[in-house]
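Architecture at a glance
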Amino acid sequence: MPLVLYNQFKFFFNMFYLLITLSQFVDALKVGFFFTYVGPLAFVLLVTLFKEAYDDFKRYKRDKEANSAQYKVFKPDGVTVNKLSS
């Protein structure tokens, strides 16, 4: 998860919203309601985290399918043997 957050905050607009949100903790810089600053940032981050989790799950299923596939081993004497990858 920290890698996903790092990848999101390297984008200018996500970092901008984070800095604006953090600035709302300083009384002299408060402009409006706190939710109006946290809401867009939290929404983008949650959607991104769910998308990454879904992609990881799909990758896990593809890897599991590929790792359980059968393959043929050709030996020098001409015999082929079917094996399951493990």
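Residues numbered from 1 in each chain as written. Predicted model: local features only at pLDDT ≥ 70, side-chain atom pairs only at ≥ 80, totals over all residues. Heavy atoms only, no water.

**A short note on the overall build of the protein**
In plain terms, the rule: The helix and strand labels rest on DSSP assignments: H or I over at least four residues marks a helix, E over at least two residues marks a strand, and numbering proceeds from the N terminus. Throughout, radius of gyration means the C-alpha value; the globule benchmark is 2.2 Å times the number of residues raised to the power 0.38. What makes two residues a contact is simply this: any of their non-hydrogen atoms within 4.5 Å. For the purpose of charge, His is not counted, nor are the chain termini; Lys and Arg are scored as positive and Asp and Glu as negative. Every charge is mapped onto a representative atom, which is NZ of Lys, CZ of Arg, CG of Asp or CD of Glu.
Along its length, the protein carries 3 helices and 2 strands. Across the protein, helices and strands are ordered from the amino to the carboxyl terminus as α-α-α-β-β. At 24 Å, the protein has a C-alpha radius of gyration far larger than the 12 Å of a compact globule built from 86 residues. On the principal axes, the C-alpha backbone points of the protein span a range of 80 × 20 × 15 Å. Sequence separation of at least 24 residues holds for 22% of the intrachain contacts in the protein that already meet a minimum separation of 6. Of note, the protein has its 11 positive side-chain charges centred 5 Å away from the centre of its 7 negative side-chain charges.

**A short note on the pairing of strand S2 (residues 80-84)**
Side chains on a regular strand alternate between the two faces of the sheet. This is how the line gets drawn: Whether two strands pair depends on DSSP finding at least two bridges between them.
In this structure, strand S1 (residues 70-74) lies alongside S2, joined through 5 bridges in antiparallel fashion. When the bridges of S2 are listed, Phe74 appears paired with Thr80.

**Looking at the environment of Ala42**
Inclusion rule: Partly exposed describes any residue whose relative accessible area lies between the buried limit of under 20% and the exposed limit of over 50%, with all areas from a 1.4 Å probe on protein chains only and scaled to the type maximum.
Its location among the elements puts Ala42 in helix H3 (residues 35-67). A residue is classified by how much of its surface remains accessible, and Ala42, at 29% relative accessible area, is partly exposed. Put simply, Ala42 and Gly32 are 10 residues apart on the chain and 17 Å apart in space, counted from C-alpha to C-alpha.

**Notes on a nonpolar patch on the surface**
Inclusion rule: Surface patches are defined over residues having more than 30% relative accessible area and no salt bridge, joining like charges when they lie within 9 Å and nonpolar side chains (Val, Leu, Ile, Met, Phe, Trp, Tyr) when within 5 Å. Values of accessible area rely on a 1.4 Å probe in the Shrake-Rupley scheme; residue burial ignores everything except the protein chains shown. Here, a salt bridge means any Lys or Arg side-chain nitrogen found within 4 Å of an Asp or Glu carboxyl oxygen.
Side chains of Met15, Leu19, Leu22, Phe25 and Phe34 sit close together on the surface and give an oily, nonpolar patch of about 490 Å² of accessible area. With respect to the helices and strands, the residue Phe25 is situated in the loop between helix H2 (12-23) and H3. Here Phe25 falls in the exposed class, since its relative accessible area comes to 56%.

**Here's the deal with the packing of helix H1 (residues 2-9) against H3**
Heads up, the condition is: Interaxial angles span 0 to 180 degrees and are taken between N-to-C directions of axes, which are lines fitted to C-alpha atoms, for helices over the stretch in contact. Any angle that falls under 35 degrees is termed roughly parallel, while one over 145 is termed roughly antiparallel, one within 65 to 115 roughly perpendicular, and all others oblique. Should the near helix be turned counterclockwise from the far one by less than a right angle, the crossing is left-handed, whereas a clockwise turn marks it as right-handed. Polar here means any residue outside two lists: the nonpolar Ala, Val, Leu, Ile, Met, Phe, Trp, Tyr, Cys and Pro, and the charged Asp, Glu, Lys and Arg; Gly therefore counts as polar.
Two elements in contact, H1 and H3, have axes separated by 11 Å at closest approach and are oriented at 130°. The orientation of H1 relative to H3 falls into the category oblique. In this structure, H1 meets H3 at a crossing whose hand is right-handed. Across from Val4, Leu5, Gln8 and Phe9 in H1, the residues of H3 making contact are Leu41, Leu45, Thr48, Leu49 and Glu52. Residue composition of the contact of H1 with H3, by class: 6 nonpolar, 2 polar and 1 charged.

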